[in-house]
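Observations on the three-dimensional arrangement
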Amino acid sequence: MANRFDLPNLGVGLGLRTVHYARILESHPAVDWFEIISDNYMQTAGRPLYYLDAIAERYPIVMHGVSLSIGSTDPLDQAYLAELREVRNRTGARWVSDHLCWTGVAGKNAHDLLPMPYTEEALSHVAARVRQVQDFLGAPLALENPSTYVEFAGASMREWEFLARLADEANCAILLDVNNVYVSAFNHGFDPQTYFDALPFDRVVQLHVAGHTHHGTHIIDSHIGPVIDDVWTLLGDAYRRAGGASVLLEWDAEIPPFDETHAEALRAKEFTGGRAGQAWRA
Amino acid sequence: MASVTAGGADGGKTIVDSVVERERASATPVARHKRLAHAAAPAHANIDRALPDRSLCSLETWFARAVMTPESEAEPTGSGHAERLLTRGPQLAPLERLEVYRRAYHARLIECLLDDYPALAHALGEDAFDALCRAYIARHPSTGPNLNSFGRSMVEFCISEVNSLGVLRGFAADLAALEWAMVEVIHAPTAQPLTLAGLAEVPVERWADAQLVATTAFRLLRFDYPVNIYFQAFRDGRNPKIPEPARSAAAVYRSGPTLWRMDLTEAACALLQALASGQSLSTSLEEAAAALSEISQDDAPGRVTSWFRDWVASGLFARVDFA
């Protein structure tokens, strides 16, 4: 099963991080693709774009944002959307993603992926905004399931149902972060398989893996350290369910040298039957 | 305090960093979440207003207010509603779960300021810098989707922090001005620099009217403290001490991807400032005459010529206009 948007399986990619710029530009390592944090290349006209242009010239780029704030009750930020489109045009990004969350309200920004109350009202609100964004971009938006640390008492559905219904109502794509599923499953006490069973995998165009930090009572999605085997196993499961999808490793703190980071990303092949990076149909 | 002209010869130029970029938006992952204290939920709940209704807008407003409550407050604003609005997790109470977000909010923005002001953080020490940042966050909460400009008010904030910074106030403001200039120059548009060959095309008879237009990725700063020297010592890991006041000046600029800082003498700074403000070459020399008088008459022409060559070779100018 390929995704219904006909977006390509780009293989195993890495989150582009500034500490790796030099290595990438000096030796052009064989990486299938890079995911950029869209926001790092917005509100700037300088050096970040210098590097972005050089890297986008050689590698496929996918854009991953953190500030769309799709769930906020503040109006959509039109200037932000315009910049997003500008970066996409500049890089030829294969697709654009952000998170199922909100980052602020009443004009203040927390710069965090804040949790949604999974209610009918929120579903209608977010679906309408996703459609607006997609109309603006002229392309499907992929929304990522966030790691969460609270759930709202007034929720009428769980996250997986909300995400599945949202994807259907807004006709958007899904970026499935299997580490986030693992983290939220621990924090809220659900079975990741229940989550997977509810998802429309034909909408999953990309998979994320990352390290996390276990504090005993809860897990924080820290993007530190290697991916644990349980998360790799979930990746393999999700990959099979999706019939193949682009896989990406996020590593955002205590980032090791490029080759070590890339080697960790390539472990995805072990858990996808060596198929990550190939067009693969179930 | 620093005075800034938007926009080596004396003391040479210093590479700042050729590759490393400050990463902002990647603050998303909650790497900055600190370990959650295992405190029991407080007996007396902080109820500052009536229970919000369950509308999306009300819930977001309540949640954001709670998350942005300074950590100096024992509990988040509206924490008394947490038990009714949030569910209990397998191991954490609703308020404990809410606190994960409050801690992350402050930790993330402090880390952002640390990225912008590493030398200031070193100078003040961890605790004082942390306190300064928390006060800054409370006074200047982020209002935009991008963190690039979040730290833009730090210079004025340092100046205003009479009580907390005390005698360090002036030094802190100067150092913050230098570090913020570096941030601005990183993000300033990249301009094609004027080359020495391009400069040579200017006919001799038009030199007096020539206006050297500074590149956008250029800032000229004057200080009451020698903060550029301090910054370099910090970068070199020499654990510098807070210097005594001494007037200084520096240019911060970017050439391609590379950021530079250049110490300037008073004479060089006066001339460069006049040029960067759009004055013609002859007017600039007149304006800088007092400062240039520090140089012997025999040395002045050679020195000025040498500065021009260095400044042009360094890419400080984008083009030549004529008055």
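Now for a description of the structure that goes with this document. (Residues numbered from 1 in each chain as written. Chains lettered and ligands numbered in written order. Predicted model: local features only at pLDDT ≥ 70, side-chain atom pairs only at ≥ 80, totals over all residues. Heavy atoms only, no water.)

1. Some remarks on the pattern of salt bridges
All names here are of chain B. For the structure shown, the criterion picks out 24 salt bridges over all chains. In this structure, the salt-bridge partner of Glu83 is Arg88, at a minimum N-O distance of 3.9 Å. Look at Glu83 and you get partly exposed, because its relative accessible area is 43%. A salt bridge links Arg134 to Asp130, with the nearest nitrogen and oxygen atoms 2.7 Å apart. Separated by four residues within a single helix, Arg134 and Asp130 lie in helix H5 (residues 126-139), roughly one turn from each other. (Salt bridge = Lys/Arg side-chain N within 4 Å of Asp/Glu carboxyl O. Buried < 20%, exposed > 50% of the residue type's maximum accessible area, 1.4 Å probe, protein only. Helix = DSSP H or I, 4+ residues; strand = E, 2+ residues; numbered from the N terminus.)

2. Focus: the pairing of strand E5 (residues 248-255) of chain B
Residues and elements named next belong to chain B. Taking burial as the measure, the eight residues of E5 include six buried ones, the bulk of the element. Pairing between strand E4 (residues 218-223) and E5: six bridges, direction antiparallel. Bridge pairing in E5 links Leu221 to Ala250. Pairing geometry for E5 and strand E6 (residues 258-264), over seven bridges, is antiparallel. If you follow Ala249 over to E6, its bridge partner there is Leu264. (Pairing = 2+ DSSP bridges.)

3. Re the packing of helix H3 (residues 94-116) of chain B against H5 of chain B
Helix packing for two helices is described by the angle between their axes and how far apart those axes are. All names here are of chain B. Between H3 and H5, the least distance of the axes is 10 Å, while the angle of their chain directions is 110 degrees. In terms of orientation, H3 and H5 fall into the roughly perpendicular class. The two elements H3 and H5 meet at a crossing, and its hand is right-handed. Contacts from Tyr105, His106, Leu109, Ile110, Leu113 and Leu114 of H3 reach H5 at Phe129, Asp130, Cys133, Arg134, Tyr136 and Ile137. Across the contact of H3 with H5, the residue classes break down as nine nonpolar, one polar and two charged. (Axes fitted to C-alpha atoms, helices over the stretch in contact; angles between N-to-C directions. Parallel < 35°, antiparallel > 145°, perpendicular 65-115°, else oblique. Left-handed = near helix turned anticlockwise from the far one by under 90°. Contact = heavy atoms within 4.5 Å. Nonpolar A, V, L, I, M, F, W, Y, C, P; charged D, E, K, R; others polar.)

4. Some remarks on the nonpolar core
In this structure, Phe34, Leu166 and Leu176 of chain A together with Phe63, Leu120 and Met154 of chain B are the most contacted members of the largest nonpolar core, which totals 149 residues. For this core, the element with the most residues is helix H8 (residues 169-187) of chain B, which contributes 13 residues. Those residues within four positions of Leu120 of chain B in sequence are excluded, and the remaining contacts are Phe129, Leu132, Met154, Cys158, Ala172, Leu175, Ala176 and Glu179 of chain B. In this structure, Val202, Leu220, Val304 and Phe317 of chain B belong to the second largest nonpolar core, which totals 35 residues. (Core = buried A, V, L, I, M, F, W, Y, C linked by side-chain atoms within 4.5 Å.)

5. Points about the interface of chain B and chain A
Listed by partner, the interface residues are 60 residues for chain B and 63 residues for chain A. Both faces considered, chain B and chain A share a buried interface measuring about 5300 Å² in area, 61% of it formed by carbon and sulfur atoms. If you look at where chain B meets chain A, you find one salt bridge. Residues Asp112 of chain A and Arg108 of chain B are paired through a salt bridge, measuring 3.6 Å at the closest nitrogen-oxygen approach. In this assembly, chain B and chain A are joined by 26 residue pairs in polar contact (both at pLDDT 80 or more). For the side of chain B that touches chain A, the elements supplying multiple residues, two or more each, are helix H1 (56-67), helix H2 (82-85), H3 and H8 of chain B. (Buried area = accessible area lost by both parts, 1.4 Å probe. Polar contact = N/O pair within 3.5 Å; in protein donor to acceptor, adjacent residues only side chain to side chain.)

6. Details of the packing of aromatic side chains
Two measures describe an aromatic ring pair: the distance that separates the ring centres and the angle between the ring planes. Taken as a whole and judged by the stated rule, the model has 23 aromatic pairs over all chains. Here the aromatic rings of Phe34 of chain A and Tyr59 of chain A are separated by 4.9 Å at their centres, their planes lie at 80 degrees, and the arrangement is edge-to-face. With a gap of 25 residues between them, Phe34 of chain A in strand E2 (residues 33-37) and Tyr59 of chain A in the loop between helix H2 (47-56) and strand E3 (61-64) connect regions that are remote in the sequence. The same class applies to Phe34 of chain A as to Tyr59 of chain A, namely buried. Ring plane angle 65 degrees and centroid distance 4.8 Å describe the contact between Trp160 of chain A and Phe190 of chain A, whose orientation is recorded as edge-to-face. Taken together, the positions of Trp160 of chain A in helix H5 (residues 159-170) and Phe190 of chain A in the loop between helix H6 (178-188) and helix H7 (192-198) put the pair 30 residues apart, joining distant regions of the chain. Residue Phe190 of chain A is classed as buried on the basis of its relative accessible area of 13%. A network of ring pairs unites the aromatic residues Trp102, Tyr149 and Phe152 of chain A together with Trp62, Phe63 and Tyr101 of chain B as a single cluster. The ring of Phe136 of chain A carries Arg85 of chain A above its face, with NZ or CZ at 3.9 Å from the centroid. Positioned above the aromatic ring of Phe322 of chain B is the side chain of Arg206 of chain B, whose terminal nitrogen or guanidinium carbon lies 4.0 Å from the ring centre. (Phe/Tyr/Trp six-rings, centres within 6.5 Å; stacked < 30°, edge-to-face > 60°. Lys NZ or Arg CZ within 6 Å of the ring centre and 35° of its normal.)

7. Remarks on the sheet that holds strand E1 (residues 12-15) of chain A
Pairing between the strands of a sheet comes from backbone hydrogen bonds, and it takes one of two forms, parallel or antiparallel. Residues and elements named next belong to chain A. Spatially, eight strands are ordered E1-E2-E3-E4-E7-E8-E9-E12 in a closed barrel, and the strand pairing comes out parallel. When the angles between neighbouring strand axes are averaged without regard to direction, this sheet yields 30 degrees. In the sheet, strand E4 (residues 96-99) pairs with strand E7 (residues 141-144) via four bridges, with the strands oriented parallel. What sits directly across from Asp98, in E7, is Leu143. Along the sheet face, helix H8 (residues 229-242) touches strand E8 (173-177), strand E9 (204-210) and strand E12 (246-250) and points at about 175 degrees away from the line of E9. Sheet strands in contact with helix H9 (residues 258-266) are E1, E2 and E12, and its direction is about 135 degrees off that of E1.

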